[in-house]
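# Structural overview
Residue-level listing of the chains:
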Amino acid sequence: MKQEVVVNDLVIRFSNVNGTGSASANEMFAKSIFRMGIPVTPKNIFPSNIQGLPTWYEVRVSEKGYLGRRDGIDLLVGVNPQTLKRDINSIRPGGYFVYDSSKKLHEEYIRADINYIGIPMIQLAMEHYAKPRLQQLLKNIIYVGAVVTLLDIELEVVKQVIAEQFEKKPKLIPANYQALELGVNYVKENLEYPLNIRLKRIDAVGDSIMIDGNTACALGAIYAGATLMAWYPITPSTSVAKAFETYCKKMRIDAETGKKKYAFVQAEDELAAIGMVIGGNWNGARSFTATSGAGVSLMNEFIGLSYFAEIPVVLINVERGGPSTGMPTRTQQADIISSAYASHGDTKHVLLFPSTPAECFEHTVKCFDLADRLQTTIMLISDLDLGMNNHMSPPLKWDDSQKYDLGKVLSAEDLEEMTEPFGRYLDVDGDAIPYRTIPGTHPTLGSFFTRGTSHDEYAKYSELPEVYLRNVDRLAQKWDTAKTLVPAPEFYQEESKNSIGLIFFGTTVYAAVEAMMMLKEEGIQLDAMRVKAFPFHQEVEDFIAAHEQLIVVEQNRDAQFRTLLINELELNPARLLSVLNYDGTPITAHHITKHIKNQLTATV
Amino acid sequence: MSYDKPKFHHPLLKKNKVGYIKTDYEGVISTLCAGCGHDSISGAIVQACYEISLEPHRLAKLSGIGCSSKTPTYFLSNSHGFNSVHGRMPSITTGANMANRDLIYLGVSGDGDTASIGMGQFVHAIRRNLNMVYIVMNNGCYGLTKGQDSATADFGSVSKAGSDNPYQAIDLAGLALELNATFVGRSFSGDKTQLVPMIKAAMAHPGFAFLDVISPCVTFNNNAGSTKSYSHVREHIESTSIFDFVPKEEEITIDYPEGESAELELFDGSKIQLSKLAPDWNPTDRFSAVNRLHASKARGQILTGLLYINTDSKDLHGKLNTVDKPLNKLTQEELCPGSEALEKVNASFR
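Residues numbered from 1 in each chain as written. Chains lettered and ligands numbered in written order. Predicted model: local features only at pLDDT ≥ 70, side-chain atom pairs only at ≥ 80, totals over all residues.

## Thoughts on the overall build of chain B
Along its length, chain B carries 12 helices and 13 strands. Its C-alpha atoms give chain B a radius of gyration of 21 Å, within 12% of the compact-globule value 20 Å for 350 residues. Out of the 350 residues belonging to chain B, those deemed buried represent 55%. Residue pairs in contact within chain B that sit at least 24 positions apart in sequence constitute 69% of those at least 6 positions apart. (Helix = DSSP H or I, 4+ residues; strand = E, 2+ residues; numbered from the N terminus. Rg over C-alpha atoms; globule rule 2.2 N^0.38 Å. Buried ≥ 20, exposed ≤ 12 C-beta atoms within 10 Å, placed from the backbone. Contact = placed C-beta atoms within 7 Å.)

The following block contains the structure:
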């Protein structure tokens, strides 16, 4: 099977058993490729399990910089007997299967159209290491050494990454180097290398970083001045909390006293978590929580209180596969409607949709400013793919001249200078946002009673129809103010030229951008818009108005984003087609192009 | 609707140390039923705050949902208030307390709010030793929804509709003791002499101070056969001690009988002065409090008074080791690590 040499364009998949230390070995592999200046996208496809279930780690390498998932696996390292059959079948014809040849592979696993590369991984490990746990861990490094050699990855780079990984446990470095060499030498002594698919150093990553979205969100919260994080463990949001604590310990300790300039409270459930966030923000400390769809369901009552009593809340929703417990370790964009309209009664909430870790950082900061400005719940809608996988991203940016927007808060001096009585829910300047006071501000001025019951401009309880209407109509007007404050969409053309417009948001961007290039090569030209926020910015409306046909690409079954557009902008549903992906894996460009072509054929 | 009280008052009314008269601590006119125990508790709160010369803006009052949770509008109108959602006052208070450790947090709840829907938040606030006063206005029934039994209704207690309660009661004071709450007291809305100093002591306590206050519902649970009626409580009440709270720098004026008296110094220098009525009870010995509580219950009696105090209480801020300055007073300069630090973070991800 002679094939032409393909450089810097491949998909490698590792098939492992959860809890065997494979994730860190695989991460070092991906990091080494990044260090060679080649754009790379790793995806950890893991189970809701601590030990024993199948787990995969997929690495896409793309010199052109496409960072979405790609169909077709070029090389698969299969060390999980449970999934052998399925793994072998997933390899593209002509691809490579790297397996542990310590035992002979049974005939039923032999496909004529792929290449088999046997490495006696466990045998080598057992020959060199006495402890079973060490054998298991270093077996992973042995296959990394083998694959590195097969793909012509620079060994020195891998060694450097290993050294950094074990910076705090340097005793482990020699054993890892030895295991790496075992894999390298086995290939060199027994096999032909490198393969026709291989890597070569280029300079295509610039100043990018490799970071997961959850860490970027946590850093955003620290930079935004959050002093209280209240949270309850739930995959895939837990690492936001972990990263917040980790970086606070580095960045938020008072140098003199060693005391903490933050409070980190693990709540008893999601209800308490958001309750604490409401209490903290009510009392003037920037507070936030991170959760996933199931947690947002539990937080619904409090989200309504935040909306109606006008208390800032920042909520990071890292979506996972629903409904119910759903697929806790798989990705979806399926909390659009439940987030946008969370809670009973007439409510609407501001949502921001980051696409990259850099945007996770920037938008988290923005969430705090918007929450304080608009005095309501602001949700950052991330997803498992963005939150938990490392992404090649522009660096995180902070401008030292930027100042927090703490919104309309009255100080003791402001209160004393006022000529009219303070009205907590009184719109004094036409933006429908009233001034608030923080408890303890002034001995006799500015106190008010916060309540989830209907209230007048002075926070007094009232069920009078006209009072209720004035209040809820002002909240609707505040929504119009929100439209002017949220980020504008991003466009992928200077001006709209085509009759068809593609709409997407969040992590769909990676596959969508690649799909547009693929379609362009086939002569299908589309305009495109990435929406960054709800309520929809005026420019979203303008783009939709400028196109006869729109295709909304999203990752849920019910086309929730399309529904939101139709509902909020009063669009004719016939104008909006859908491309949907909801199997729990990140959407691919092939999936998008295939369905767009199908849709276009069907409608022509 | 809420109705403000008239502001005029007798010009000679005595001002306290911070220059306020007692009516400055009142709220709007109560809309609870005439004779409701809750109004007496509100009165005791007003009295206590006036007597300890609290500046009203140094306190935040929070509540959940129910008759009891309406009361924060009926006292301390110069304090910020928060009537939140059913059973969730503890979490709001936790967040508020984290934001500003310098204020006094007074949480008011009911038996439905605490013993049923809010049980989870109640026990976890105890577990964290959140620095707050938590008052349950306990009437054994759901008044606003017309008198259903609550989880604190005693086994066999007869409702207004005439049925016996077939379920065991949750004893909130007993539960608080079991969970190691650092201050536990029980009182009766009709016993201001005991309740007022207990509220003062609870406010001085640096940690979770729980007060279970039996507060009869005149409309739905004051009938014959109810164990939370005025007459039943009056006939079955007993007390651990005669109790007084002495603020810092004030003289102890009451004489207690020799041998039975005890004095406990609180964190801020104030003192609890008490004369024991129960010889086998010691206020700083949790087991003696649990035993005493069970002994009274076995005799069908309601034990009131200070039940337990831990004078070595470390609150949630202490456990978390947060800075002394309230978190809501920290400025951007103190909180934002700046671009240089972020560049280092970026470098660590290359």
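## Focus: the overall build of chain A
A count of helices and strands for chain A gives 19 helices and 23 strands. Compactness check: chain A gives a C-alpha radius of gyration of 27 Å against a globular reference of 25 Å for 604 residues, within 12% of the reference. Oriented by its inertia axes, the alpha-carbon framework of chain A measures out at about 90 × 70 × 40 Å. Across the 604 residues that make up chain A, the buried fraction comes to 54%. Pairs at least 24 apart in sequence give 75% of the contacts found in chain A among residues at least 6 apart.

## Here we look at the pairing of strand β4 (residues 132-138) of chain B
All names here are of chain B. The buried fraction of β4 is high, at 7 of 7 residues. A two-sided burial pattern is seen for β4, the buried positions comprising M132, Y134, V136 and N138 on one face and V133, I135 and M137 on the other. Examined bridge by bridge, strand β3 (residues 104-110) and β4 share 5 bridges and lie parallel to one another. Its bridge partner lying in β4, G110 is registered against M137. Bridge count for β4 against strand β8 (residues 208-214) is 7 bridges, and the pairing is parallel. Note on β8: the bridge partner recorded for N138 is I214. (Pairing = 2+ DSSP bridges.)

## Some remarks on the sheet that holds strand β12 (residues 287-291) of chain A
Residues and elements named next belong to chain A. Reading across from one edge, β11-β10-β12-β13-β15-β14-β21 is the order of the 7 strands in this open sheet, with mixed pairing throughout. Whereas interior strands pair on both sides, the edge strands pair on one side only; in this sheet they are β11 (263-266) and β21 (533-534). Relative to β12, strand β10 (residues 228-231) runs parallel, the two sharing 2 bridges. Opposite L228, over in β12, you have S287 as the bridge partner. Of the strands in this sheet, β13 (313-319), β14 (350-352) and β15 (377-383) touch helix α12 (residues 357-374), which is tilted by about 165 degrees from β15. (Axes fitted to C-alpha atoms, helices over the stretch in contact; angles between N-to-C directions.)

## Brief notes about the interface of chain B and chain A
How big an interface is tends to be stated in terms of accessible area lost as the parts join. With 51 residues of chain B at the interface, the matching set in chain A holds 60 residues. For the side of chain B that touches chain A, the secondary-structure elements that each account for two or more residues are β2 (80-83), α3 (89-99), α5 (119-128), α11 (332-335) and α12 (338-348) of chain B. Residue composition of the side of chain B that touches chain A, by class: 21 nonpolar, 25 polar and 5 charged. Of the pairings in the sheet, the one linking strand β17 (residues 449-451) of chain A to β2 of chain B comprises 3 bridges and is parallel in character. Bridging from a neighbouring strand, T450 of chain A pairs with F82 of chain B of β2 of chain B. (Nonpolar A, V, L, I, M, F, W, Y, C, P; charged D, E, K, R; others polar.)

## Side note on helix α10 (residues 293-309) of chain A
Residue and element names in this part refer to chain A. In this model α10 runs 23 Å from its N-terminal to its C-terminal C-alpha over 17 residues, within 8% of the 24 Å that 1.5 Å per residue would give. N300 marks the point of greatest bend in α10, at about 55 degrees. A large share of α10 lies buried, amounting to 12 of its 17 residues. When we look at burial in α10, the residues that qualify are G293, G295, V296, M299, F302, I303, G304, L305, S306, Y307, F308 and A309. Immediately beyond the C-terminal end of α10, within one or two residues, lies E310, with a positive phi of roughly 60 degrees. (Expected span 1.5 Å × (residues − 1). Bend = angle between axes of the 7 residues up to and from the residue.)

## A word on the pairing of strand β13 (residues 302-309) of chain B
Residue and element names in this part refer to chain B. In terms of residue burial, β13 counts as a mostly covered element, since 8 of its 8 residues are buried. Bridge analysis of strand β7 (residues 183-188) against β13 gives 4 bridges, and the strand direction is antiparallel. If you follow R186 over to β13, its bridge partner there is G305.

## Topic: the nonpolar core
Core analysis: the largest hydrophobic core is formed by 267 residues, its most contacted members being V98 and A512 of chain A. Counting residues in each nonpolar core, the second largest holds 6 residues, with Y142, A153, C217 and F220 of chain B among its members. (Core = buried A, V, L, I, M, F, W, Y, C linked by C-beta atoms within 7 Å.)

## A short note on the sheet that holds strand β3 (residues 40-45) of chain A
All names here are of chain A. Pairing within the open sheet is mixed, and its 6 strands lie in the order β3-β4-β2-β5-β6-β7. Each having just a single partner strand, β3 and β7 (115-119) make up the two edges of the open sheet. Adjacent strand axes in the sheet meet at a mean angle of 15 degrees, parallel and antiparallel pairs treated alike. Alignment of strand β5 (residues 73-78) against strand β6 (residues 91-100), held across 5 bridges, turns out to be parallel. When the bridges of β6 are listed, V77 appears paired with V98.

## Quick notes on the packing of helix α3 (residues 121-128) of chain A against helix α4 (residues 132-150) of chain A
Residues and elements named next belong to chain A. Where α3 meets α4, the axes come as close as 9 Å, and the angle between the chain directions of the two elements is 125 degrees. Overall, the two elements α3 and α4 adopt an arrangement that is oblique. At the point where α3 passes α4, the crossing takes the right-handed sense. Contacts between α3 and α4 involve M121, I122, L124, A125 and M126 on the former and, on the latter, Q135, L138, K139, I142 and Y143. Taken together, the residues that form the contact of α3 with α4 break down as 8 nonpolar, 1 polar and 1 charged. (Parallel < 35°, antiparallel > 145°, perpendicular 65-115°, else oblique. Left-handed = near helix turned anticlockwise from the far one by under 90°.)

## Observations regarding the packing of helix α1 (residues 37-51) of chain B against helix α7 (residues 192-204) of chain B
All names here are of chain B. Their axes nearest at 9 Å, the elements α1 and α7 cross at an angle of 55 degrees. Here α1 lies oblique to α7, going by the angle between them. At the point where α1 passes α7, the crossing takes the right-handed sense. Taken together, the residues of α7 that come into contact with α1 (itself represented by S40, I41, A44, I45, Q47, A48 and E51) are K192, L195, V196, I199 and K200. For the contact of α1 with α7, the per-class residue count stands at 7 nonpolar, 2 polar and 3 charged.

## Brief notes about α3 of chain A
All names here are of chain A. Buried within α3 we find M121, L124 and A125. For α3, the buried positions fall inside an angular range of 100 degrees around the axis, keeping them on one side. Those residues of α3 that are buried lie in contact with β6, β7, α4 and α6 (173-190). (Arc of directions from axis to C-beta.)

## Re the confidence of the model for chain B
For chain B, per-residue confidence averages 93 on the pLDDT scale, and residues scoring 70 or more make up 97% of the total. For this predicted complex, the interface confidence score (ipTM) comes to 0.96, while the overall pTM stands at 0.97. (pLDDT = per-residue confidence, 0-100.)

## Brief notes about the environment of Y461 of chain A
Residue and element names in this part refer to chain A. Relative to the helices and strands, Y461 resides in the loop between β17 and α15 (465-485). Given 18 C-beta atoms within 10 Å, Y461 falls into the partly exposed group. Taking the C-alpha atoms as reference points, Y461 and P421, separated by 40 residues in sequence, lie 17 Å from one another.

## Looking at unusual backbone geometry
All names here are of chain A. The peptide bond linking Y193 to P194 adopts the cis configuration, its omega dihedral lying at -15 degrees. Of note, Q375 is a non-glycine position whose phi angle comes to about 50 degrees, a positive value. Mapping Q375 onto the fold places it in the loop between α12 and β15. Take Q375: there are 23 C-beta atoms within 10 Å of it, and that puts it in the buried class.

## A look at the environment of T593 of chain A
All names here are of chain A. For T593, the location among the structural elements is in helix α19 (residues 589-603). Classification of T593 by C-beta neighbours within 10 Å gives buried; the count is 21. With near-sequence residues (within four places) excluded, T593 lies in contact with A515, M518 and L519.

## Examining the environment of G110 of chain B
Residue and element names in this part refer to chain B. Residue position: G110 is located in strand β3. By C-beta crowding, G110 is classed as buried, having 35 other C-beta atoms within 10 Å. For the pair G110 and T219, spaced 109 residues apart in the sequence, the C-alpha separation amounts to 16 Å. Other than its neighbours up to four places away in sequence, G110 contacts G66, C67, S68, S69, V136 and M137.

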